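Structural overview for review
For reference, the chains in residue letters:
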Amino acid sequence: MNKKLFFVLFIIFTISLTSLAIANEEEVSYEVIIQDDADLLTDSEEAKLKEDMIPLTEYGNIVFLSTNNNSQNQHDYAHDYYYPKYGEQSGSVFLVDMENRYIYIYSDGKNLEKIPSSKADIITDNVYRYASNGNWYGCASHAYEQIYKLLGGSIKKSSSGNNNYSLSSILGFLSGDASEIPMPMKYISNALIALVLGFLTTFIYVLKHSKLKMPTSEEILNNCNIKFQVQNTSAELAGERRVYSPVSESSGYSGHGSGGHSAGHSSHSAGHSSHSSGGGGGHRF
Amino acid sequence: MDIILFNNYENGDDMIKCPNCTGEMKYDPELQKVKCEFCATAFTIEELKEKIKNKIVASDVEDVDNLNEYSFDNSTATTAETYEGKSYKCTQCGATLMTFDDTAVTFCSYCGSQAMLEDKLLKQTNPDYVIPFKKTREECIEAYKRKINSFKFVPKYMKEDVTLEKFRGIYMPYCINNLKKKGQIRNEGEKYSHRRGDYIYYNKYAIKSDVDVAYEGISFDLSSKFYDCYSMSIPYNFKEAVKFDPAYLTGYYADTLDVEKHVYQDVAKEIATPDATKRLRKDNMFRKYGCNLPTISNFDNDFKIGMFPTYFLGVRSKDNQSMHYAIVNGQTGEVAMDLPIDFKKYILVSLIVGLIIFLVLNRFLILKPEYVSIFSVVTAFICLRISSGQFKKIAIKTEHTDDKGIANAKKKSTLKQDSFIKEKKKKKGNFKYTYKLWIAILLPIIAYFTHFAEDMVYYGAAFISLALVLWSFKDLVKEHNLLASNKLPQLEKRGGDLSE
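Bear in mind the structure is a predicted one, so any value in this text is a computation, not a measurement. (Residues numbered from 1 in each chain as written. Chains lettered and ligands numbered in written order. Predicted model: local features only at pLDDT ≥ 70, side-chain atom pairs only at ≥ 80, totals over all residues. Heavy atoms only, no water.)

1. A word on the packing of helix 5 (residues 117-132) of chain A against helix 12 (residues 455-483) of chain B
- Relative to each other, helix 5 of chain A and helix 12 of chain B sit at 130°, their axes nearing to 11 Å. Judged by the inter-axis angle, helix 5 of chain A sits oblique to helix 12 of chain B. Contacts between helix 5 of chain A and helix 12 of chain B involve Asp125, Tyr128 and Arg129 of chain A from the first element and Asp455, Met456 and Tyr459 of chain B from the second.
- Taken together, the residues of the contact of helix 5 of chain A with helix 12 of chain B sort by class into 3 nonpolar, no polar and 3 charged. (Axes fitted to C-alpha atoms, helices over the stretch in contact; angles between N-to-C directions. Helix = DSSP H or I, 4+ residues; strand = E, 2+ residues; numbered from the N terminus. Parallel < 35°, antiparallel > 145°, perpendicular 65-115°, else oblique. Contact = heavy atoms within 4.5 Å. Nonpolar A, V, L, I, M, F, W, Y, C, P; charged D, E, K, R; others polar.)

In C-alpha cells form, the structure reads like this:
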C-alpha cells in the first residue's frame with residue numbers, strides 16, 4: 001500500500017516538476033536595455049533604437065552599452081555587465097568603447113551559437129564606418145539588423161515569393177551559410193587565399209613529380225658484383241692514452257646538487273572562477 | 001684465324017652478313033639474338049661466330065671475294081682489340097655518333113640539328129663489356145608515354161608522334177670501376193681501460209684483418225654529351241653485362257667516349273667505402289676493441305670500359321633555344337627525362353584545386369585582414385624560397401658544375417672554358433624573377449606599421465600582396481622550365497650556333 005502511494009506521489013511530483021520547468025521556460029521574457037553612459041545617442045535616437053531592438057528579444061536579451069571609461073578588454077567589460085544580470089541566458093550586447101575607440105559584440109547562451117566571434121567580427125567590420133563618422137545610431141541599428149538576420153538564419157524571400165538569387169546568397173549557399181550578412185571581404189580574401197593555395201599545392205606537386213630520381217648507394221651496389229671476405233681479425237695493444245678528468249668534476253655522483261622535492265607553494269588560480277562562456281568580436285573605429 | 005664480324009667497309013658494306021643468305025643482320029633485343037633482316041634466321045652471338053668460322057673453313061681459300069662477305073679485308077681489318085663503324089659528326093655541337101649498318105644519321109640526338117656530316121671510318125678500342133639491349137624501341141616508347149601520361153602538365157609537343165620517332169637506341173660508353181682490396185687491412189680502436197687518480201686511461205689497439213673484397217661494376221658514363229644528371233638516374237645492372245662483341249651493336253648507334261676513365265674513381269670509392277664499413281662492422285672484433293667505423297682505404301681500381309644501352313630522345317623547346325632530353329634505360333626500361341610544364345595546363349589544374357579549396361575554406365574560415373596579410377607574407381616567403389632554390393639548381397645545371405665528365409672534357413677540348421652566366425648577370429636575373437615577391441612581403445608589413453583603423457588599407461595591402469604572389473607563379477613555372485631544359489650543346493662549342 002505504502003509502495004503504491006509512494007509510486008503515485010513520485011509520478012505526480014515528477015509531472016509537476018516537468019510542467020513547472022516548461023512553464024518557467026515559457027515564462028522567460030527577454031529585455032531590451034540601453035545603457036548609454038558615453039551619451040552617444042539623443043533621446044529620439046534611443047527611442048528609435050529601442051524599437052529596432054525589440055524584434056531581437058524573440059531570441060534573447062539585447063543590450064546597447066557605451067562607455068567612456070574602460071580599463072578592461074571589451075570582452076570582459078561586456079561580460080561583467082551582462083553576466084551578473086542575466087547569467088547564462090541567451091542575449092547579445094553591442095558595446096561602444098569610446099576610451100579605446102572600439103566596437104564589440106558580445107553574445108551568450110543560444111545567441112552565441114548563432115553569433116560566434118567570427119560572425120561578430122564580420123558585423124563589426126560591416127558597421128565600423130558608421131562609428132568612424134560618429135553615426136552611433138546608424139552603427140548600432142545596422143549591427144542589430146545583422147544580428148537579427150543571423151539569429152533568424154533563413155534566406156529572405158523576395159516579395160514575389162521566389163528565392164532571391166543574389167551573388168551573396170549563392171556564395172552563402174555554397175559556403176553553407178544561409179544568413180545574408182554581407183561578407184564581401186571574406187569571399188575576396190578566401191578566393192585569393194584559395195587561389196594561392198591552389199597554385200602553390202599544384203606547383204609543389206609538379207616539383208615533386210618532375211624531379212630526376214637519383215639512386216641511393218645501396219641501389220647502385222645492388223647492381224654490382226660484390227665479394228666481401230674478412231678473416232683472421234685480430235687486435236693487439238698498440239699504446240695507451242690518458243685523459244685528465246678530475247674525480248670531483250666527474251658526473252659519477254648524481255646524488256648531490258640541487259635535487260629535492262618541489263616543496264614550493266603550489267599556486268592555484270584563486271581568483272573568482274569566472275563564467276567562461278560568452279564570446280564576441282569587435283573592431284577599432 | 002680471327003673471326004671478324006664486320007665486312008669490308010671499302011666495298012660499302014660494313015654490316016654483319018647472314019651466313020645463310022648474306023642478308024643484313026641486326027641484334028634483336030626481344031630474342032636476345034642476332035637476326036637476319038632477310039631470311040629471319042636468328043643466332044646467338046656464339047652460334048653466329050661458329051657458323052661464320054665453319055663457313056670460312058669450308059669455303060675455297062682462293063675465293064677471296066666469297067670470303068670477304070663474312071670477314072674484313074686484310075687491308076682494313078680490325079685487330080681483336082678494335083671495332084669500327086661509320087661515324088657521323090654534328091657540325092653544330094660536335095657530337096659524334098657511330099653506326100654499324102646502312103642507316104645514315106640524319107639528325108643529331110643531342111642538339112636536334114640536321115647538319116650531320118658523314119665522317120671517316122672510325123676505329124674504336126674494344127670495350128671490355130656490353131650490356132645488350134633488352135627493351136625494344138616499342139617498349140621504350142611505351143615507358144616514355146607512361147611517364148608523360150603520369151605527369152599531366154607536359155606540353156603537347158613532347159607527346160607528338162614526330163617527337164617519338166626521334167627516339168634512338170644508342171650504346172653509351174661507360175667506365176666500370178672494379179674496386180678491389182686483397183690482403184691485410186689495418187684499423188685502430190680505443191677502449192676504456194681504467195681510472196687512476198684524476199686520469200682516465202684508454203687502450204689503443206691495432207686491428208688487423210685479412211680481406212678479399214671486390215666491388216665490380218660501379219659504372220659512370222664517359223660521354224660528355226650524356227649529362228650525369230640523366231645517366232646517374234638510370235642505373236644499369238652490371239650483373240647482366242657480357243663480354244663485348246661488336247655484333248651487339250648492330251642495328252644501333254654508339255656514342256664515342258671523350259671523358260677520361262679515372263674521373264669518377266673517387267665517386268666510386270665514396271659509394272663503396274660506407275658499404276665496406278657496414279659489412280666490416282658485422283665482425284664483432286672491431287666493436288670489441290673500440291673501432292666503430294672500420295674502413296678499407298686504398299682500394300685498387302681496375303678500370304674497364306663498357307657499352308650500355310639507352311634510348312635517347314632530344315627535343316628542342318618551343319622557342320628553339322634549349323633541349324629537353326628523355327632517356328630510357330635499354331636494359332631496365334627506367335625513364336629519366338626533363339618534364340617541362342605547359343603553363344595553360346598548370347593554370348587550369350590550379351584553378352580547379354583553388355575552387356575546391358575555396359568551397360572548403362568558406363565553410364569555416366573568416367579571416368581578419370591582418371591574418372590575410374600574414375598568410376600572403378608567408379606564401380610569398382615560401383615562393384621566394386622555392387625560387388632561390390630553383391635558381392641555384394639552374395646555375396649548377398647551366399654551368400655543369402656537378403658534372404665531372406663535362407669538366408674533364410672541357411679541359412681537353414674546344415668546349416668553352418669561360419662561365420656561361422656571369423655571377424652579376426645571375427643575380428640580376430634572379431631579382432628580375434623575384435622582385436614581385438619582395439613587394440608582396442613588404443606591402444603588408446608597411447600597412448601593418450601604419451596602424452590605420454581603416455580595414456581597406458590592410459585588405460588592400462593583403463590583396464595586392466596575394467595578387468603578386470599569384471603573378472609570381474608564372475615566373476616559378478618559367479624557372480622550372482629552365483631547369484627542365486638544357487642549353488643547346490653548340491653554345492658550349494666555339495663556332496656553334498642555334499640553327500637546326
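Having put the structure on the table, let's press on.
2. Points about the sheet that holds strand 1 (residues 25-28) of chain B
Residue and element names in this part refer to chain B.
- Spatial strand order, 1-2-3: 3 strands in an open sheet with antiparallel pairing. Each edge of the open sheet carries a strand with a single partner, namely strand 1 and strand 3 (42-43).
- Examined bridge by bridge, strand 1 and strand 2 (residues 33-36) share 4 bridges and lie antiparallel to one another. Residue pairing across strands places methionine 25 opposite cysteine 36, the latter belonging to strand 2. (Pairing = 2+ DSSP bridges.)

3. Side note on the interface of chain A and chain B
- Each partner contributes to the interface: chain A provides 77 residues, whereas chain B provides 93 residues.
- Surface buried jointly by chain A and chain B totals about 7700 Å² across both partners, of which 65% is contributed by carbon and sulfur atoms.
- For the pair chain A and chain B, the number of links is 4 salt bridges.
- Note that lysine 208 of chain B is salt-bridged to glutamate 236 of chain A, the shortest N-O span being 3.7 Å.
- Among the elements of the structure, helix 5, helix 7 (167-174), helix 8 (184-210), helix 9 (217-222), strand 5 (225-244) and strand 6 (279-284) of chain A are those that each provide at least two residues to the side of chain A that touches chain B.
- A per-element tally of the side of chain A that touches chain B places helix 8 of chain A first, with 24 residues.
- For the side of chain A that touches chain B, the class distribution of residues is 39 nonpolar, 24 polar and 14 charged.
- The pairing of strand 5 of chain A with strand 9 (residues 199-221) of chain B spans 17 bridges and is classified as antiparallel. What sits directly across from glutamate 240 of chain A, in strand 9 of chain B, is asparagine 203 of chain B. (Buried area = accessible area lost by both parts, 1.4 Å probe. Salt bridge = Lys/Arg side-chain N within 4 Å of Asp/Glu carboxyl O.)

4. Let's talk about the confidence of the model for chain A
Residues and elements named next belong to chain A.
- Per-residue confidence for chain A gives a mean pLDDT of 76; residues scoring 70 or more make up 68%.
- The least confident element of chain A is helix 7, whose mean pLDDT is 55; the most confident is helix 9, at 93.
- Long-range and interchain partners of residues 20-26, a stretch whose pLDDT sits below 50, account for 0 contacts in this model, where long-range means more than four residues apart.
- Between residues 250-274, whose pLDDT stays under 50, and residues either more than four places distant or in other chains, the model counts 1 contact. (pLDDT = per-residue confidence, 0-100.)

5. Side note on the packing of aromatic side chains
- Per the stated rule, a full pass over the model turns up 36 aromatic pairs over all chains.
- Ring centres of tyrosine 205 of chain B and tyrosine 289 of chain B lie 4.7 Å apart, and the angle between their planes is 65°; on these two criteria the pair is classed as edge-to-face. Of this pair, tyrosine 205 of chain B sits in strand 9 while tyrosine 289 of chain B sits in the loop between helix 7 (284-288) and strand 12 (300-316); the two residues are 84 residues apart in sequence, bridging distant segments of the chain.
- Look at tyrosine 215 of chain B and phenylalanine 299 of chain B: their rings are 6.0 Å apart centre to centre, the planes differ by 85°, and that puts the pair in the edge-to-face class. Of this pair, tyrosine 215 of chain B sits in strand 9 while phenylalanine 299 of chain B sits in the loop between helix 7 and strand 12, and the two are 84 residues apart along the sequence.
- A relative accessible area of 5% means that phenylalanine 299 of chain B is categorised as buried.
- Among the aromatic side chains, those forming a connected cluster through ring pairs are Phe199, Phe203 and Tyr205 of chain A together with Phe151, Phe153, Phe343, Tyr346 and Phe473 of chain B.
- The lysine or arginine in question, lysine 436 of chain B, covers the ring of tryptophan 471 of chain B, its NZ or CZ lying 4.7 Å from the ring centre. (Phe/Tyr/Trp six-rings, centres within 6.5 Å; stacked < 30°, edge-to-face > 60°. Buried < 20%, exposed > 50% of the residue type's maximum accessible area, 1.4 Å probe, protein only. Lys NZ or Arg CZ within 6 Å of the ring centre and 35° of its normal.)

6. Quick look at the packing of helix 8 of chain A against helix 9 (residues 369-399) of chain B
- Between helix 8 of chain A and helix 9 of chain B, the least distance of the axes is 11 Å, while the angle of their chain directions is 20°. In terms of orientation, helix 8 of chain A lies roughly parallel with respect to helix 9 of chain B. Crossing geometry of helix 8 of chain A relative to helix 9 of chain B is assigned as left-handed. Note on element contacts: helix 9 of chain B touches helix 8 of chain A through Val372, Phe375, Thr379, Ile382, Cys383, Ile386 and Gln390 of chain B, opposite Ser189, Ile193, Val196, Leu197, Leu200, Phe203 and Leu207 of chain A.
- Split by residue class, the contact of helix 8 of chain A with helix 9 of chain B holds 11 nonpolar, 3 polar and no charged. (Left-handed = near helix turned anticlockwise from the far one by under 90°.)

7. Details of the confidence of the model for chain B
Residue and element names in this part refer to chain B.
- Here chain B shows a mean pLDDT of 82. Residues at 70 or above account for 85%.
- Within the model, the stretch residues 417-421 combines pLDDT values under 50 with 11 contacts to residues more than four positions away or in other chains.
- Throughout residues 496-500 the model reports pLDDT below 50, and contacts reaching past four residues in sequence, or to other chains, amount to 19 contacts.
- Scored by ipTM, the complex comes to 0.81, with pTM at 0.71.

8. Section: the nonpolar core
Residues and elements named next belong to chain B.
- Core analysis: the largest hydrophobic core is formed by 82 residues, its most contacted members being Tyr144, Phe167, Tyr171 and Phe473.
- Other than its neighbours up to four places away in sequence, phenylalanine 167 contacts Arg137, Cys140, Ile141, Tyr144, Tyr311, Phe312, Leu313, Ala326 and Val328.
- In terms of nonpolar packing, the next biggest core, distinct from the first, is built from 32 residues, Cys175, Ile185, Tyr264 and Ile296 among them. (Core = buried A, V, L, I, M, F, W, Y, C linked by side-chain atoms within 4.5 Å.)

9. Digging into the side chain of threonine 256 of chain B
Residues and elements named next belong to chain B.
- Take threonine 256: it is sitting in the loop between strand 11 (253-255) and helix 6 (265-280).
- With relative accessibility at 14%, the residue threonine 256 sits in the buried group.
- If we skip the residues at most four places from it in the chain, threonine 256 touches Thr96, Met98, Leu122, Gln124, Pro173 and Ser223.

10. A word on the pattern of salt bridges
All names here are of chain B.
- A complete count under the given rule lists 12 salt bridges over all chains for this structure.
- Between arginine 279 and aspartate 275 there is a salt bridge, with the nearest N and O atoms lying 2.6 Å from each other. Of this pair, arginine 279 and aspartate 275 are both found in helix 6, 4 residues apart, which corresponds to roughly one turn of the helix.
- Judged by relative accessible area, which is 13%, aspartate 275 ranks as buried.
- Within the structure, one salt-bridge network assembled from shared partners comprises Lys180, Asp302 and Lys304.

11. A closer look at unusual backbone geometry
All names here are of chain B.
- For glutamine 32, which is not glycine, the phi torsion reads 60° and is therefore positive.
- Mapped onto the elements of the fold, glutamine 32 is located in the loop between strand 1 and strand 2.
- Residue classification places glutamine 32 among the partly exposed residues on the basis of a relative accessible area of 33%.
- A positive phi angle, close to 55°, is found at histidine 400, a residue other than glycine.

12. What about helix 5 of chain A?
Residue and element names in this part refer to chain A.
- The end-to-end C-alpha distance of helix 5 is 21 Å, a good match for the 22 Å that 16 residues give at a rise of 1.5 Å each.
- The sharpest bend along helix 5 measures roughly 40° and falls at asparagine 126.
- Every buried residue of helix 5 is listed here: Lys119, Ala120, Asp121, Ile122, Ile123, Thr124, Asp125, Val127, Tyr128 and Ala131. (Expected span 1.5 Å × (residues − 1). Bend = angle between axes of the 7 residues up to and from the residue.)

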